[in-house]
Amino acid sequence: MNKQSIRIAVIDDEKISAIHIQEHLADYGYPVDVFFQAEPFLESYMCSPYELVITDMKLPGIDGMGIIEQVKARHRETEIVVITGYATIDSAIEAIRAGAFHYLTKPIRLEEFSSLISQVIDKIFLRIEADNLRALMMREAGRDGMIGTSKQMVEVFKIIEKVAPLDCPVIIHGQSGTGKELVARAIHRLSPRCDDPIVSLNCGGFSPELIANELFGHEKAAFTGAFKAKKGLLESADKGIVLLDEITEMPWDMQVKLLRVIQEGQIYRIGATRPINIDIRILAASNRNLEEEVKKGKFREDLFFRLNVMTLSLPRLKDRQGDLLLLADHFLQKFSQAYNKKISGFSAKARDALAKYDYPGNVRELENIIARCVALTESDRIGESDLPPCLACDPPSLTNPLKSLKELEKDHIVKVLLAVDGQREQAARVLGVTRSTLWRKIKKLGLKI
Ligand SMILES: Nc1ncnc2c1ncn2[C@@H]1O[C@H](COP(=O)(O)OP(=O)(O)OP(=O)(O)O)[C@@H](O)[C@H]1O
Ligand SMILES: [Mg+2]
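It should be emphasised that the depicted structure is a prediction, and the values quoted were computed from it without experimental measurement. (Residues numbered from 1 in each chain as written. Chains lettered and ligands numbered in written order. Predicted model: local features only at pLDDT ≥ 70, side-chain atom pairs only at ≥ 80, totals over all residues. Heavy atoms only, no water.)

1. Comments concerning the sheet that holds strand β10 (residues 241-245)
Item 1. Spatially, the 5 strands line up as an open sheet ordered β7-β10-β13-β6-β14, and their pairing is parallel. One side of each edge strand has no neighbouring strand; the edge strands of this open sheet are β7 (198-202) and β14 (311-313). Between one strand axis and the next, the sheet turns by 20° as a mean value, whatever way the strands run.
Item 2. The pairing of β10 with strand β13 (residues 281-286) spans 4 bridges and is classified as parallel. Directly across from L243, in β13, lies its bridge partner L283. (Pairing = 2+ DSSP bridges. Helix = DSSP H or I, 4+ residues; strand = E, 2+ residues; numbered from the N terminus. Axes fitted to C-alpha atoms, helices over the stretch in contact; angles between N-to-C directions.)

Encoded structure:
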């Protein structure tokens, strides 16, 4: 922080006195704007507040008390020092009650002036430092524990901070496991809607009827089995944020309904005749490119245009090597604590292997790998042998012999299962086999995942 960043204004109708103060502060390196009346000062102050205001109490037009009132109403943090004659000392005390820092009596004695000004400037510096620290902490908290110092992630954090306060939709795009949900939560935390809920719905894997019920809720007796009225997700998120995950999986008819909700700010519960007003911000996550889905005719163009105010793309983990070991250390700490183990770090070979791997499942896969290592290791340091087989990428040697097809199959199944967070249905899809085939193989190969 430098002296130039402290803006000081002096208001005194005695021109010589004002200029004297200005010159004295300039000697200390502080830039000062001088005003001989309150009105032009207030005009300037309303556009851009000063950190310190030194004002005479007696002024033609608006006086010192008027200045204090307007300054404090605009920006409570501004410090004010008043200058007064002995005859009007009562008004100086009144000024302090109204929020002024202190007063000086005329004629001003240089020593007294310098000591008071250095006290008030110290206070201003402390306040600015505290503000900066608070802003930094807010940002860190807003990141919801998101780790990353790579160029790409710093850019992502910057965009999050920029878009969070704006009340616009955001499309969060990135491969599975890159942190889309985390980004949505960070936007929520830094947004004006942070005190209201964020609710999320995974649009994949539901029939249109089920999604409608989830989103809009229903009235009592709207359909067989609707014994009670039920609030939908959009209604529960009123004033807050709705995260529509895997938005491209949303059935076509539902896309039309969602567009109507966004345009009209109203929903109808299933079976209702009256609309309910809702005020929500929508965040949409997808691992597919929405624009391409529109071109393929799978996603409605009108809905895309409504949502596409801002797109935030998350990089793959393998494209941000700089973050990889940072994340590995972070997860090591997290799981050591969770499993109550004392593990000091990774061996050099384990670090190498971690750094070389591709991570098709991105951060989630790395997180799962580290969780597994911490759970299984018997040492106080994660070694190469603690890593899952898919990371053993060294060329064949006596200690690392060529593998049989069966072993390769086993390694590959483990790798896919780790990448999809152990979800067997998804793993079967990736491997191109049915769920029951995968289940048989897991059993036959004796896998404990
Ligand atoms: N930058 C990061 N720092 C710390 N943890 C992260 C980071 N990115 C992702 N994670 C962790 O990785 C896991 C996956 O993140 P998240 O659920 O947000 O991904 P996603 O993109 O929504 O995945 P999916 O498409 O499968 O839903 C979570 O446990 C999350 O905490
Ligand atoms: Mg997600």
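2. Observations regarding unusual backbone geometry
Note on backbone geometry: most residues besides glycine have negative phi, and most peptide bonds are trans.
Item 1. For the bond from K106 to P107, the omega torsion is -5°, close enough to zero to count as cis.
Item 2. Relative to the assigned elements, P107 resides in the loop between β5 (102-105) and α5 (110-142).
Item 3. Phi at K239 is positive, roughly 75°, even though this residue is not glycine.
Item 4. Located in the positive-phi region is N362, a residue other than glycine, with phi close to 55°.
Item 5. Residue position: N362 is located in helix α15 (residues 362-376).
Item 6. Using a relative accessible area of 0% as the deciding quantity, one classes N362 as buried. (Buried < 20%, exposed > 50% of the residue type's maximum accessible area, 1.4 Å probe, protein only.)

3. What about the site of ligand 1?
Item 1. Looking at ligand 1, there are 16 residues lining it, with I147, S176, K180, R364 and E367 nearest.
Item 2. The separation between an oxygen atom of ligand 1 and a polar main-chain atom of E181 is 3.1 Å.
Item 3. Expressed as a share of its isolated accessible area of 630 Å², the protein-covered part of ligand 1 is 84%.
Item 4. Considered class by class, the residues forming the shell around ligand 1 number 6 nonpolar, 6 polar and 4 charged.
Item 5. Here the shell around ligand 1 gathers at least three residues from each of two domains, domain 2 (151-313) and domain 3 (318-395). (Near = heavy atom within 4 Å. Polar contact = N/O pair within 3.5 Å; in protein donor to acceptor, adjacent residues only side chain to side chain. Areas by Shrake-Rupley, 256 points an atom, 1.4 Å probe, with all protein chains shown as cover. Nonpolar A, V, L, I, M, F, W, Y, C, P; charged D, E, K, R; others polar. Domains from an automatic or database assignment.)

4. Examining the pattern of salt bridges
Item 1. Per the counting criterion, the structure on display carries 22 salt bridges.
Item 2. A salt bridge links E181 to R185; its shortest N-O distance comes to 3.0 Å. Of this pair, E181 and R185 both sit in helix α7 (residues 180-190), 4 residues apart, which is roughly one turn of the helix.
Item 3. The partner of D302 in a salt bridge is R300, and the shortest N-O contact between them spans 2.7 Å.
Item 4. Its relative accessible area of 19% is what places R300 among the buried residues.
Item 5. Several salt bridges converge on common partners, so that one network encompasses D12, E14, D56 and K106. (Salt bridge = Lys/Arg side-chain N within 4 Å of Asp/Glu carboxyl O.)

5. Considering the domain arrangement of the chain
Item 1. On domain assignment, one finds that the chain holds domain 1 (3-136), domain 2 (151-313), domain 3 (318-395) and domain 4 (403-449).
Item 2. Spacing between the C-alpha centres of domain 2 and domain 4 amounts to 33 Å.

6. With respect to the sheet that holds β5
Within a sheet, adjacent strands bond to each other through the backbone by hydrogen bonds, running parallel or antiparallel.
Item 1. Pairing within the open sheet is parallel, and its 5 strands lie in the order β2-β1-β3-β4-β5. Looking at which strands have only one partner, the edges of the open sheet turn out to be β2 (32-35) and β5. Each adjacent strand pair in this sheet contributes to an overall mean axis angle of 20°, direction not counted.
Item 2. Judged from the 4 bridges that link them, strand β4 (residues 79-84) and β5 form a sheet pairing that is parallel.

7. Concerning helix α6 (residues 151-163)
Item 1. Under the 1.5 Å per step criterion, the end-to-end length of α6 is 18 Å for 13 residues, consistent within 8% with the ideal 18 Å.
Item 2. Within the sequence span of α6, burial applies to M153, V156, F157, I160 and V163. For α6, the buried positions fall inside an angular range of 140° around the axis, keeping them on one side. Of the exposed residues in α6, those oriented more than 90 degrees away from the buried face are K151 and K162.
Item 3. On its buried face, α6 is in contact with β6 (170-173), α7, β13, β14 and α13 (321-338). (Expected span 1.5 Å × (residues − 1). Arc of directions from axis to C-beta. Contact = heavy atoms within 4.5 Å.)

8. Overview of the side chain of N213
Item 1. Turning to its location among the elements, N213 is positioned in helix α8 (residues 208-216).
Item 2. For N213, a relative accessible area of 15% puts it in the buried group.
Item 3. Excluding its chain neighbours within four sequence positions, the residues that come into contact with N213 are H218, F223, K230, G232 and I270.

9. Points about the packing of α13 against helix α14 (residues 348-356)
Item 1. Two elements in contact, α13 and α14, have axes whose closest approach is 10 Å; the angle formed by their N-to-C orientations is 130°. Considering their axes alone, α13 and α14 lie oblique with respect to each other. Read as a crossing pair, α13 and α14 show a hand that is right-handed. Residues Q321, L324, L325, A328 and D329 of α13 lie in contact with α14, whose contacting residues are R351, L354 and A355. (Parallel < 35°, antiparallel > 145°, perpendicular 65-115°, else oblique. Left-handed = near helix turned anticlockwise from the far one by under 90°.)

10. Details of the packing of aromatic side chains
Item 1. One pass over the structure, following the stated rule, counts 8 aromatic pairs.
Item 2. For the ring pair F35 and F41, a centre distance of 5.6 Å and an interplane angle of 70° mean the geometry is edge-to-face.
Item 3. Judged by centre distance (5.6 Å) and plane angle (40°), the rings of F41 and Y45 are tilted. With a gap of 4 residues between them, F41 and Y45 both fall in helix α2 (residues 38-47), about one helical turn apart. Y45 carries the same exposure label as F41, and that label is buried.
Item 4. The structure contains a cluster of three or more aromatic residues connected by ring pairs, namely F35, F41, Y45 and Y50.
Item 5. Over the aromatic face of Y50 sits the side chain of R7, whose NZ or CZ is 4.2 Å from the ring centroid.
Item 6. For K15, the ring lying beneath its charged end belongs to F36, and the centroid distance is 5.1 Å. (Phe/Tyr/Trp six-rings, centres within 6.5 Å; stacked < 30°, edge-to-face > 60°. Lys NZ or Arg CZ within 6 Å of the ring centre and 35° of its normal.)

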